[in-house]
Structures are given as structure tokens and as C-alpha cells.
Amino acid sequence: MQRRYMAIWFPYLMTDRATLGNPQLSGSPLILVTPERNRIVVKAANRQAEEQGIRCGMTATDARAVTADLHTLDYPHEKEERILRNIGLWCIRYTPFVAIDLHDGLILDISGCTHLWGDERGYLKELVLKLRGMGYYARGAIADTVGTAWAVARFGNISPIVSSGEQAGAISSLPPEALRLDQEITDKLHKLGFHTIGSFMSVQRTILRRRFGESLLLQLARALGSVDEHLTAIVPPVPYEERLPCPEPVYTPEAIETAIEKLLESLCPRLQSEGKGVRKAVLKCFRADNKQVQISISTIGGSHSISHLFKLFCLQTEKIEPAMGIELFLLEAQKVEDIDPVQEKLWAGKPGLQDHALAELLDRIAGKIGPDRIKRYLPSEHYWPERSVQLAASLNDKPQTAWYVAGPRPVRLLSQPEPIEVMSLLPDYPPRVFSCKGKRHIVTRADGPERIEQEWWLGKGEHRDYYAVEDEEGLRYWLFRSGHYDGENGHWYLHGYFA
Amino acid sequence: MFFFTPPGQTSSAHCSHYLTGIFKSNTNTNIFSIIFAEILAKMAMHTVQNQKALIDHLQKSILKWEGYKAPSETHERMGLGPIEAAFPNQVFPLGSIHEMICANTEQATACAGLVSGLLSVMMQKGGVCLWISLKDNIFPPALGSFGISPDRLIFIRVMNDPEALWVMEEALKYPGLAAVVTEVRKLDFKQSRRLQLAVEYSHVTGFVLRNMPAKMAPTASAARWIVKHLPSRLEDDMPGLGFPRWQVSLLKVRNGNPGKWMIEWTGDKFKLIEEQKSIHSLEQKAG
């Protein structure tokens, strides 16, 4: 069967996209600019701007001189491919094979698809009108080869549909730019008087090769169909999910566990082959009474181990109420990330924090008691005790700064300092006696004070003078006075216990 | 089988057969029959002079049969000095459950200090420690002064005792950990047995800090500790705080000898303090 290709050209792709983001700009001239060699250059202009005579490559000041009510936005670099990819994914409803043609078009392999919309004309009309309805001005052309379709979509002005085998006739009247050539070659062609493709199509190949190189011959052959062209199709991402319909509603825990195992057995090999691991997964159970129950799991590092994920789900299966029975199980991996394959070590002592089994253990614990109750601390560059530690975001985080070991720090720190009553003999001396929770402690030994200033840019309050004290029995405490000594009314607190 | 040996012809071989016969009738005494057989065999070989060596040898054999491995040449010293001699084979039992009784927060802190000192040795070769507690009040920077890198500790806050013990048991089954420390209210025999079974598989050391001394049921742990603060002492009675000093009591040691010691943490290791009477009190006695 003769292959048929359709080329779609978006002459105003980037400006159309910008207009979709800012609807108030529609209908007025708009340019997208980018700095280039110390000048601000127009990189894209919409139809209204082009009608005023603005062209790509002009400086922005020149463009502003042409028309007063000109809107200017920055050109978003490296976004064309993403926009084209999204449009391409949408186009998959018209043909299974869509390829991106950077920087402003798409190529569709439409062989055998057009009859669903009547004929090729109906197909083309439908697709182009839909795209224009979405806000993207598009031009399309259909031909036997990609090259001819590309050329006609951009430069053709007779008919957008080139019937089978008519490529030579369709492109002979088009300028040499329609062959997707380098600027250098087209300039040379124009200089020599070859203003249409037809004027050099019949020139001897050896002469063309000698003067313009191999690429001209190749592009010409591609457009005429004597050489095939390879395209890379867009592959839509398949969501990481698995379905398991049950022939009869199930309600026993064993059946539910079997279902989970089956779902994981089909999901995990795919994850493994792609080098991915589940961070978050949800199991949805659709019940016979049209209700839905779901359980979710999360892992600390991505995992694609069937046994591990199964254990995590098993910790929660008791939360599933089957009621009349479950008809359909749906397992969705909502968050998936790349995992690094770990190399096994033959020597060394105990494995460290990066160990796989440790992450699995913490996942199980998190599944049972909740992930926010597992904490790991890293040093933070603050003297204020409450701020001197910070939570580590993951097991791989390394301390950015050294742990503070210069001053005495208590093994147990109260989250809220406890007010105490003290008796001190001299100002700026440690207390002689203090009582806490109704117990009187006579201080026999003390170290201090260690003054820690409040960081005024972070919090309000007085500085603290810390004392490490020991009572008659040898019990050690970390006390502080908030602010300066002011007679009997000093505010004293117990903040920690030493070992 | 049952042997009657005629009088006057008693030989060690016969005697052992005789005893074996007696104990065969009892199901659980197989091990004793082996021990007795060995005793008698040895007694025939050895004279009275090397009885002490014999008893030592037998003790070692008994420990071996009970699952205590003889210390290898390169076994780790925990730096506890003579306290380690209280344990079977004179080795601090890693891979078992240690129970520490703490009546109040101060004692629990002293226990945490002792445990941190021990952890610094256990974590020298890498590994991670899990610290499970009901209250989230351990201050990580302080553990740095006990020679631990606090970022290799993972803290897990639990809501109640059953949850704490569940987490501890799960964690003890994983051999990659250096140790697991759990602070709970109480621990009964069944729970401690479960923990002991978990560590027998993984050889992870578990510390249980329990703060309800009133309900002190027998447990399956290898040792029961009490750590109390003692007033610190500086040289020449200088003012200020000295090194933390504790009275460490081993109330119960499986196959070991309980005892009481005074130790200090001197910033990088434990130091045993010899009991010495001050001159002042001696003078008072003399007077």
C-alpha cells in the first residue's frame, strides 16, 4: 500500500502559545524577543505583527518603531519540543504514528487512516480546523513523501493534497527553501538563478553534487520518493497501573492478598526493566455495592521488589472492608522514580544508611505507625539549641556542617523549657538551690554561664545564660536564665538533663 | 539400659554408663548426662593438682553447649574493663537483649549516656542505630560527645509500648543494624523472649530502657542493669563539673556474676574508679 504522509506547519507556534497563556493579547501584534549578540532580536512574531511588516531577525527597537501598540514577551527557549509533543500526543487520535518536526511542525503517517473521516480532504479539514479551534494556526498538506508534504504545507498555494505519484509536479514550482536545505545552499541556488525547484530538477546529478554537495540530492530524492526517510514516533507514556477484575466478588483476606500479589507480579517486572521504583502506590478496590475503598503505601527509596511492596500492602489490608465483595482491583503507582542499582559489597562491616534492606525496614515501620514519626537529624549552623538540629529529608542526606561539640549539651532536651524556682547568692552566678516539680536540689558543682543570643532575625526574646549544674546526688541539669539578672524576679528554666 | 556395677570394680567408664542410664529416663536431662560423662572421663585422666584448670575447661564446655561461642582472638572489647569479666567468657554479650532499669528521667539519661558510650564502639565499623522512644527528647548534638556520629541514628517516636516492641522486634530481625535502643514503660517475659529470639537470628544488640521498676517481672534478657549518677570529682577538688560518673550495677547476668562498679566517661572511653575511702573518713574512724 502506498504510504501517505501529512505535514502540519505551525507558522506562529510560539506566539499562539503565548496568546493562549495571556488571552488579552489576542488580536494585537505580539513579538517574542531574545538577546543575541548584545541586541534584543525578534525571535517570533504573530500574524498581526507580520502584517505590519515585522519579520523575525529584526531588532526589537526596529519592530517597535514600526507599530506603537506592540506587545513584547521573552522567548521561552527549549519549549518548542514540549509544545509540539503535547500537540502530537493529542493528534494520536487521528493516526497512531506522529513524529515531531522541529521547530515548528509535525509529521503524521496517515496511511490507512483517512477513510474514517470520509477522504483525505475531509481528514485534513477536520484536523486543521480542530487545531485552529485550539488556538494554533496550522497549515497542512498530504503527499506520498514527507519531503513533498513538508514543502507543500509551507510553500504550496494550489492544493494541499498531492495525489499519489505527483510529487515532482507539486514541488517544481516551489522555491528551493522548500527542500529543507541549509541557508548556504539556498543562497547559492538563488545566486545562480535557480529560483524554483523545477529549474534544477532535471540538471545532471553529477553537476549538482559538485556544486551543492550531497545534501541537495538527498533532500530532492526524499521529496520525490526515491529514498526513504526515517521518522521517530512519539510514544505516549503508559501509566504505571494494573487492573485485576474478579470473575466473582471476593471478600476473604486471603483472596485480597492473592489479588495484591498478582497485581504486583505484573507491575514490578515492568518497573524493573525500566529501572524505576515505586515511591507511592494506591490500591483501589471497587466493591459490589458500587463503593470504592483504597489503601496507599509509600516508600523511602523507590522499590520494585514484589515481596517488599507486598509486605507493605499486607500491613494495611485489614483497613479494606470488602462488605459485599470486591469486583475489581486497580493498582496505581502514583509516584515513580529512577533507582540506582546498588553494587553488592563483599567486605566491609555493617552496611550504612544507603542499604536497601534498611530502607525496606523503615518502609515497613512507616507503613505501620506513619512516616512522620521516623526522624533523622543533621546539624544546623545555629547556637540556639532548638534550632541547632534540622530534620534530614532523606537517608542520603549528608551533614553539611560538623556537629557542635565545644560546649556541654544535655543528652535529653526538653522541647519546652520548664520554669523553676531558684535561689542564687550572687548575680551572674549559678543558683545555689533550685526546685523543680516540688523537689529541691542543692547545687554543689556548676559550670557556666554560656551565653546564647537569640537570633533576632529569626525569633524574638531575650538571650539565655546557660549553666550546667550538679546536685548533691550527682544528678546533672542544664539550667538557663532568660535575660539579664534582675534581682528576685529572674526567669529561670530547666532545659535538659545530662548523662 | 541400666547397669549394676559390682562393688570394687567401679571404673569411670562404667560409672558414666550408669549415669547415662539414669538420665535417659528423664527427657530434658540429656545435656546433663553428657556433662557428667565428661566430668567422669576427665576425673579419671586428671589429678587433683589441675582441678582448677579442669573446672575452667568444663565451664567453657557448658557455655559452648548453651550457645555461647568462645571468644575469638579478635573479638571486640567494649572498653568496660572489669565489668566485662562479669559476663560469660569475659565478653560483653553482643547480639542479645540488655535491660536497663530507669526509675526517672535522670536515671534514663544516665542509661542513655552509658548506652551511647557502648554504641560508639559498636558503630565504629559502620552501621546504623535505631532509637525508639515514647518521648522525642534525645538531643542529637550531645551524642557527639560520646563518640557517635548522630546522623547515623534514626529516631522513631511511638505511641505506646506494644507499638514500641513491634518496631523493636522488626528492627532486630534486620542484621544490618549496629544496635536498637528502645525506651518503654514495661517489659514482660513473653515480650522479652520474642526480642531474644529475634536477636539470636540477626546478632543485633538490643537495649531496653524501662522506666517502671515496680513491675519487675523476670525476663529473658541477657543482663539487667541499673545506672545511677554519682557526684563527680575533679583533681584537687577543683570547682566545676568533672566527667560524668555513674554507679553501674548488674542485677542479673545470665551465666555471669552480678556486681557493682563505679565508672566515668572520660570523653572518649570508660574508666573504672577504684573504691577508695577518703582520708577524712579514715581519720574519723581512728579518732
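Computed from a prediction, not measured in an experiment: that's the story for all the values here.

Caption draft 1: Inspection of the overall build of chain A at higher detail. Within chain A, the secondary structure is distributed over 14 helices and 20 strands. Each of the 499 residues in chain A was classed as buried or not, and the buried ones make up 44%. For chain A, the proportion of contacts with a sequence separation of at least 24, taken over those separated by at least 6, is 57%. With the model as given, the accessible surface of chain A reaches about 26900 Å², and the carbon-plus-sulfur share is 50%.

Caption draft 2: Layout of the side chain of Glu360 of chain A. Note that Glu360 of chain A resides in helix H14 (residues 356-369). Of the side chains with opposite charge, Arg364 of chain A comes closest to the buried, unpaired Glu360 of chain A, at an N-O distance of 5.0 Å.

Caption draft 3: Just the interface of chain A and chain B, in detail. Contact with chain A, which involves 49 residues of that partner, is made by 62 residues of chain B. Across the contact surface, chain A and chain B share four salt bridges. Note that Asp136 of chain B is salt-bridged to Lys375 of chain A, the shortest N-O span being 3.0 Å. Seen at the junction of chain A and chain B, the total is 23 residue pairs in polar contact (both at pLDDT 80 or more). Among the secondary structure elements, those contributing two or more residues to the side of chain A that touches chain B are H14, strand S12 (374-375), strand S13 (377-379), strand S15 (412-423), strand S17 (439-452), strand S18 (464-471) and strand S19 (476-482) of chain A. Ranked by the residues each element gives to the side of chain A that touches chain B, the list is headed by H14 of chain A, at eight residues. Tallied by class, the residues present in the side of chain A that touches chain B amount to 30 nonpolar, four polar and 15 charged. One ladder, built from two bridges, connects S12 of chain A with strand S3 (residues 153-157) of chain B; its direction is antiparallel.

Caption draft 4: Focus on the sheet that holds strand S1 (residues 5-9) of chain A. Residue and element names in this part refer to chain A. Reading across the sheet, the four strands line up as S5-S6-S1-S7 and stay open at both edges, with antiparallel pairing between neighbours. Looking at strand neighbours, the two that pair on one side only are strand S5 (97-101) and strand S7 (139-143), the edges of this open sheet. The sheet shows a mean angle of 20° between the axes of neighbouring strands, direction not considered. Across five bridges, S5 lies against strand S6 (residues 105-109) in antiparallel orientation.

Caption draft 5: Broad picture of a negative patch on the surface. Residues Glu177, Asp182, Glu184 and Asp187 of chain A make up a contiguous surface patch of negative charge. Within the element layout of this structure, Glu177 of chain A appears in the loop between helix H7 (167-171) and helix H8 (183-191).

Caption draft 6: View of the confidence of the model for chain B. Residue and element names in this part refer to chain B. In the predicted model, chain B carries a mean pLDDT of 79, and the fraction of residues at 70 or more is 76%. Confidence, expressed as mean pLDDT per element, reaches its minimum in chain B at helix H1 (residues 12-24) with 44 and its maximum at S3 with 93. Ignoring residues within four places in sequence, the model shows residues 1-28, a span with pLDDT below 50, making 18 contacts including any to other chains. Long-range and interchain partners of residues 277-287, a stretch whose pLDDT sits below 50, account for two contacts in this model, where long-range means more than four residues apart.

Caption draft 7: Inspection of a positive patch on the surface at higher detail. Taken together, the side chains of Lys188, Lys191, Arg210 and Arg211 of chain A present a region of like positive charge at the surface. Those elements that place two or more of their residues in the positive patch are H8 and helix H10 (205-212) of chain A.

Caption draft 8: Here's a closer look at the environment of Ile297 of chain A. All names here are of chain A. Topologically, Ile297 is positioned in strand S10 (residues 292-303). When the C-alpha positions of Ile297 and Gly367 are compared, they lie 6.7 Å apart, and in sequence the two are 70 residues distant. Apart from residues no more than four positions distant in its own chain, Ile297 is found in contact with Arg279, Lys280, Ala281, Leu309, Leu312, Phe313 and Gln316.

Caption draft 9: View of the side chain of Thr266 of chain B. All names here are of chain B. Along the chain, the position of Thr266 falls in the loop between strand S8 (259-265) and strand S9 (270-272). Given the relative accessible area of 16%, Thr266 is considered buried. Excluding residues within four positions of it along the chain, Thr266 makes contact with Phe243 and Lys271.

Caption draft 10: Main features of the pairing of S19 of chain A. Residues and elements named next belong to chain A. Counting buried residues along S19, six of its seven residues qualify, which places the element largely inside the surrounding structure. The turn linking S18 back onto S19 is made up of four residues, and Gly474 within it adopts a positive phi angle of 95°. As paired elements, S19 and strand S20 (residues 491-497) share six bridges and run antiparallel to each other. Counterpart to Trp478 in the pairing with S20 is Gly496.

Caption draft 11: Here's a closer look at the nonpolar core. In this structure, Leu80, Leu114, Leu119, Phe207, Trp225 and Trp246 of chain B are the most contacted members of the largest nonpolar core, which totals 49 residues. Residue contacts for Trp225 of chain B: discarding those within four places in its chain leaves Leu80, Ile83, Phe87, Phe92, His98, Glu99, Met100, Ile101, Leu114, Val248, Ser249 and Leu250 of chain B.

Caption draft 12: Main features of the environment of His71 of chain A. All names here are of chain A. Looking at where His71 falls in the secondary structure, it is placed in strand S4 (residues 71-74). Judged by relative accessible area, which is 34%, His71 ranks as partly exposed. On a C-alpha basis, the gap between His71 and Ala45 in space is 10.0 Å, while along the polypeptide they are 26 residues apart.

Caption draft 13: The arrangement of the packing of helix H12 (residues 253-274) of chain A against helix H13 (residues 306-314) of chain A in detail. All names here are of chain A. For the pair H12 and H13, the least separation of the axes is 10 Å and the interaxial angle reads 145°. The two elements H12 and H13 meet at a crossing, and its hand is right-handed. Listed contacts from H13 to Glu257, Ile260, Glu261, Leu264, Glu265 and Cys268 of H12 are Ile306, Leu309, Phe310, Phe313 and Cys314. Looking at the contact of H12 with H13 residue by residue, the class counts come to eight nonpolar, no polar and three charged.

Caption draft 14: Molecular detail of the packing of helix H1 (residues 13-21) of chain A against helix H4 (residues 80-91) of chain A. Residue and element names in this part refer to chain A. Here H1 crosses H4 at 80°, and the two axes come no closer than 11 Å. Classed by the angle they form, the pair H1 and H4 counts as roughly perpendicular. Residue-level contacts link Leu13, Met14 and Arg17 of H1 to Glu80, Ile83, Leu84 and Ile87 of H4. When its residues are assigned to classes, the contact of H1 with H4 shows five nonpolar, no polar and two charged.

Caption draft 15: Spatial organisation of the sheet that holds S15 of chain A. Strand order in the closed barrel formed by six strands is S15-S16-S17-S18-S19-S20 (chain A), with antiparallel pairing between adjacent strands. Direction aside, neighbouring strands of the sheet carry axes that sit 45° apart on average. With four bridges joining them, strand S16 (residues 433-436) of chain A and S17 of chain A adopt antiparallel strand pairing. What sits directly across from Val433 of chain A, in S17 of chain A, is Ile442 of chain A. Across the sheet, helix H4 (residues 105-122) of chain B touches S15, S19 and S20 of chain A, and the angle it forms with S15 of chain A is around 130°.

Calculation notes
- Residues numbered from 1 in each chain as written.
- Chains lettered and ligands numbered in written order.
- Predicted model: local features only at pLDDT ≥ 70, side-chain atom pairs only at ≥ 80, totals over all residues.
- Heavy atoms only, no water.
- Helix = DSSP H or I, 4+ residues; strand = E, 2+ residues; numbered from the N terminus.
- Buried < 20%, exposed > 50% of the residue type's maximum accessible area, 1.4 Å probe, protein only.
- Contact = heavy atoms within 4.5 Å.
- Areas by Shrake-Rupley, 256 points an atom, 1.4 Å probe, with all protein chains shown as cover.
- Lys, Arg positive; Asp, Glu negative; His and termini not counted.
- Salt bridge = Lys/Arg side-chain N within 4 Å of Asp/Glu carboxyl O.
- Polar contact = N/O pair within 3.5 Å; in protein donor to acceptor, adjacent residues only side chain to side chain.
- Nonpolar A, V, L, I, M, F, W, Y, C, P; charged D, E, K, R; others polar.
- Pairing = 2+ DSSP bridges.
- Axes fitted to C-alpha atoms, helices over the stretch in contact; angles between N-to-C directions.
- Patch = residues over 30% accessible without salt bridge, like charges linked within 9 Å, V, L, I, M, F, W, Y side chains within 5 Å.
- Charge placed at Lys NZ, Arg CZ, Asp CG, Glu CD.
- pLDDT = per-residue confidence, 0-100.
- Core = buried A, V, L, I, M, F, W, Y, C linked by side-chain atoms within 4.5 Å.
- Left-handed = near helix turned anticlockwise from the far one by under 90°.
- Parallel < 35°, antiparallel > 145°, perpendicular 65-115°, else oblique.

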